[in-house]
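One letter stands for each residue in the lines below.
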Amino acid sequence: MITATDIELTAGGRQLLEPVTFQVAPGDRIGLVGRNGAGKTTLARVLAGEALPAGGSVRRSVPVAYLPQDPRTGDLNVVARDRILGARGLDRIVHELQVARTDMGHGDAEHQNRILKRYSRLEEQFHLLGGWAAEAEAGSIAFSLGLPDRVLTQPLGTLSGGQRRRVELARVLFSGAPTLILDEPTNHLDADSIAWLRHFLRAHDGGLMVISHDGELLDSVVNKVFHLDASRTQLDVYRLGWKAYLEQLAIDERRRRRERANAERKVVELKAQADRMRAKATKARMAHNLDRRAARLTEGLEDVRRVDKVARLRFPAPSPCGKTPLSATGLTKSYGSLEVFSGIDLAIDRGSRVVILGLNGAGKTTLLRVLSGIERPDAGEVVQGHGLQLGYYAQEHETLDPSLTVYENVRHNAPPTVSDAELRRILGSFLFGGGRIDQLAGTLSGGEKTRLALATLVVSAANVLLLDEPTNNLDPASRGEVLKALHTYAGAIVLVTHDPGAVHALSPEHVVLMPEGVEDTWSDDLGDLVALA
């Protein structure tokens, strides 16, 4: 169980959450919702023990397993299977057992006797932690999340961002921790994996808190909803399932507005009456009492939830360029002995729209990184055509410098001709106003990093955009803005996504199927593959 007592949250001097007390108890399956930047990730980190609250306390009476929005995978030389097994300490024991088996055939009798005793102790620990059944359980969870055995034998550094994210999710689910806190667990998951995850979380009998913009997951899993209201800096607790919560939320809002309207009318009447009485000295005391009554009425009102602000995203007109601003011939890329793709030819014409499809690990992200120049191909060539201005959105926000402020990141990506006033206006349209432009990028939530990364594209005047999962971490309203921007942008776009809505908004002309790199004309029949890829 997690018990939060009078916890208060702030970020960069900004109030995120006023003091609140609540519990996450066994059997609670809580959906933590709110707009981007409301403080959901901050609250999750505090509950998991990854950060401290600005006030109050958090007590954890059982182990907690936490999936952060941007997982820290530690040593990238660690094999994926060991990373998962490490959640229960099995990776160390399995490794030491292998070392002991190797040592058994060496040394004198005394040495071999020591090795046998050590092997017996390790084997006993191994069985206490679940033994081979636990290893099989880890493999089953990984497979259900789209991680076949060949991926589990690879070092983390050779995996795509989506695969590493799945490894971290598998690690958390395998941990056996009674309480789980999951921040956007469906990111990078295909439709089959999401369906399996819904079933797994429904069956979890401990405590669960999940941050997600996936309405189907929330509807299927949660039995409580915590709404973090950014405008009121309050946490509203609904002991309801998802659909009932949505209905109650609308009812509560109508009640707040009705009560406030009635009270405001009464306040106007009381003040008018007090003003009339103040004209007579004999009724000054009564006028004062009426003023006090009006003030109490105002103080007792619940704040009306203001409509959440939405980032206004519009890509500018692309700078002029030649007929084919970006092309590639014979691209080949490997990580160690693992070949990701080979012999890919590609031509991105001015204003063209291309979707890259393929299973996780098929090389979609790697291809975009090679096209952007962040990684070099092992063979082949990327050709930058006349007038190319390239904009790259990385799914893990690697293009942002966490040590720089919001403003400094945008200034770094903007042409010198763009004035400071214009940059501030653009940042304001992305909801980075006032002192927020001086906040370090590394302290932003996943949704806020997405908005900032998109803002850097807006100021870049790019004529070719390489977009890797641009709708991840966004609330529905912000996602809608991104989709409208994709639809209206006049430049060329190369898109990697699991979001069918993003593909529909793009109206692609061509598709590149990975890992073969075959380019073909887009067909709506391929739409069903987007969520499965």
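Read on for an overview of the structure. All values derive from a computational prediction rather than experimental measurement. (Residues numbered from 1 in each chain as written. Predicted model: local features only at pLDDT ≥ 70, side-chain atom pairs only at ≥ 80, totals over all residues. Heavy atoms only, no water.)

**Observations regarding the overall build of the protein chain**
Then, in step 1: When helices and strands are tallied, the protein chain shows 18 helices and 18 strands.
Then, in step 2: Counting only C-alpha atoms and orienting by the principal axes, one finds that the protein chain spans roughly 110 × 70 × 40 Å.
Then, in step 3: Taken across its 533 residues, the protein chain has 50% of its residues classed as buried.
Then, in step 4: Considering only contacts in the protein chain between residues 6 or more positions apart, those separated by 24 or more positions represent 70%.
Then, in step 5: For the protein chain, the accessible area works out to roughly 24400 Å², and carbon and sulfur atoms hold 51% of it.
Then, in step 6: Positive and negative side-chain charges in the protein chain, numbering 65 and 67 respectively, have mean positions lying 10 Å apart. (Helix = DSSP H or I, 4+ residues; strand = E, 2+ residues; numbered from the N terminus. Buried < 20%, exposed > 50% of the residue type's maximum accessible area, 1.4 Å probe, protein only. Contact = heavy atoms within 4.5 Å. Areas by Shrake-Rupley, 256 points an atom, 1.4 Å probe, with all protein chains shown as cover. Lys, Arg positive; Asp, Glu negative; His and termini not counted. Charge placed at Lys NZ, Arg CZ, Asp CG, Glu CD.)

**Topic: empty space enclosed by the protein**
Then, in step 1: Throughout the structure, instances matching the rule amount to 2 cavities of 30 Å³ or more.
Then, in step 2: Around the largest cavity, the lining comprises 15 residues; the ones closest to its centre are Asn-36, Lys-40, Thr-41, Gln-69 and Ser-445.
Then, in step 3: Looking at the lining of the largest cavity, the elements that each hand over two or more residues are helix H1 (40-48) and helix H15 (446-458).
Then, in step 4: Residue composition of the lining of the largest cavity, by class: 2 nonpolar, 10 polar and 3 charged. (1 Å grid on protein atoms, 1.4 Å probe; cavity = no way out; pocket = protein on both sides within 12 Å on 5 of 7 lines; lining within 4 Å. Points joined across faces, edges and corners; volume = space filled by probe spheres on them. Nonpolar A, V, L, I, M, F, W, Y, C, P; charged D, E, K, R; others polar.)

**A closer look at the sheet that holds strand S1 (residues 2-11)**
Then, in step 1: Read across the sheet, 3 strands follow the order S2-S1-S4 without closing on themselves; strand pairing throughout is antiparallel. For this open sheet the edge positions go to strand S2 (14-24) and strand S4 (55-60), each flanked by a neighbour on one side alone. Strand after strand, the sheet turns through a mean of 25 degrees between neighbouring axes, direction not considered.
Then, in step 2: Pairing geometry for S1 and S4, over 5 bridges, is antiparallel. Across the sheet, Glu-8 pairs through a bridge with Gly-55, a residue of S4.
Then, in step 3: H1 contacts S1, S2 and S4 of the sheet and is inclined by roughly 135 degrees relative to S1. (Pairing = 2+ DSSP bridges. Axes fitted to C-alpha atoms, helices over the stretch in contact; angles between N-to-C directions.)

**Quick word on the layout of surface pockets**
Then, in step 1: As a volume, the second largest pocket reaches approximately 640 Å³.
Then, in step 2: Forming the walls of the second largest pocket are 25 residues, and the residues nearest its centre are Thr-186, Ile-194, Asp-214, His-498 and Asp-499.
Then, in step 3: Of all the elements in the fold, those that place two or more residues in the lining of the second largest pocket are helix H8 (191-203), helix H9 (215-221) and helix H16 (476-488).
Then, in step 4: When residues of the lining of the second largest pocket are assigned to their parent elements, the largest contribution, 3 residues, is made by H8.
Then, in step 5: Tallied by class, the residues present in the lining of the second largest pocket amount to 7 nonpolar, 10 polar and 8 charged.

**Some points on the packing of helix H13 (residues 406-413) against H15**
Then, in step 1: The interhelical angle for the contact between H13 and H15, taken along N-to-C directions, is 30 degrees, at an axis separation of 8 Å. Relative to H15, the element H13 is oriented roughly parallel. Relative to H15, the crossing made by H13 is right-handed. Contact residues: H13 offers Val-406, Asn-409, Val-410 and Asn-413, while H15 offers Leu-452, Ala-455 and Thr-456.
Then, in step 2: When the residues that make up the contact of H13 with H15 are grouped by side-chain class, the tally is 4 nonpolar, 3 polar and no charged. (Parallel < 35°, antiparallel > 145°, perpendicular 65-115°, else oblique. Left-handed = near helix turned anticlockwise from the far one by under 90°.)

**Some points on H16**
Then, in step 1: For H16, with 13 residues, the first-to-last C-alpha span of 19 Å sits near the 18 Å given by 1.5 Å per residue.
Then, in step 2: Turning to H16, its buried residues number three or more, namely Ser-478, Glu-481, Val-482, Leu-483, Ala-485 and Leu-486.
Then, in step 3: On the buried face of H16, the contacting elements are strand S12 (353-357), H15, strand S15 (464-468), strand S16 (492-496) and helix H17 (500-506). (Expected span 1.5 Å × (residues − 1).)

**Some thoughts on unusual backbone geometry**
Then, in step 1: The omega torsion across Met-514 and Pro-515 is 10 degrees, close enough to zero to call that bond cis.
Then, in step 2: Structurally, Pro-515 can be placed in the loop between strand S17 (510-513) and strand S18 (518-521).

**Re a positive patch on the surface**
Then, in step 1: A cluster of like positive charges, contributed by Lys-266, Arg-285, Arg-292, Arg-293 and Arg-296, occupies part of the molecular surface.
Then, in step 2: With 4 residues, helix H11 (residues 284-299) is the single largest residue contributor to the positive patch.
Then, in step 3: Mapped onto the elements, Arg-293 comes out in helix H11.
Then, in step 4: Its relative accessible area of 40% is what places Arg-293 among the partly exposed residues. (Patch = residues over 30% accessible without salt bridge, like charges linked within 9 Å, V, L, I, M, F, W, Y side chains within 5 Å. Salt bridge = Lys/Arg side-chain N within 4 Å of Asp/Glu carboxyl O.)

**With respect to the pairing of strand S10 (residues 326-335)**
Regular strands show a simple pattern: their side chains alternate between the two faces of the sheet.
Then, in step 1: S10 sits mainly inside the fold: 7 of its 10 residues count as buried.
Then, in step 2: Relative to strand S11 (residues 338-348), S10 runs antiparallel, the two sharing 7 bridges. Pairing of Tyr-335 across the sheet is with Leu-338, part of S11.
Then, in step 3: The antiparallel hairpin formed by S10 and S11 contains 2 residues in its connecting segment, where Gly-336 sits at a positive phi of about 65 degrees.

**What about the pattern of salt bridges?**
Then, in step 1: For the coordinates displayed, the defined rule picks out 19 salt bridges.
Then, in step 2: One salt bridge in this structure joins Glu-137 and Arg-88, with 3.1 Å as the shortest N-O distance. Of this pair, Glu-137 sits in helix H5 (residues 131-144) while Arg-88 sits in the loop between helix H2 (80-85) and helix H3 (90-103), placing them 49 residues apart in sequence.
Then, in step 3: The class for Arg-88 is partly exposed, based on a relative accessible area of 22%.
Then, in step 4: Of the charged contacts, one joins Arg-166 and Asp-190 as a salt bridge, the two residues approaching to 3.9 Å between their closest N and O atoms. Taken as a pair, Arg-166 in helix H7 (residues 161-174) and Asp-190 in the loop between strand S6 (179-183) and H8 lie far apart in primary sequence, 24 residues in all. A single burial state applies to Arg-166 and to Asp-190, both of which are buried.

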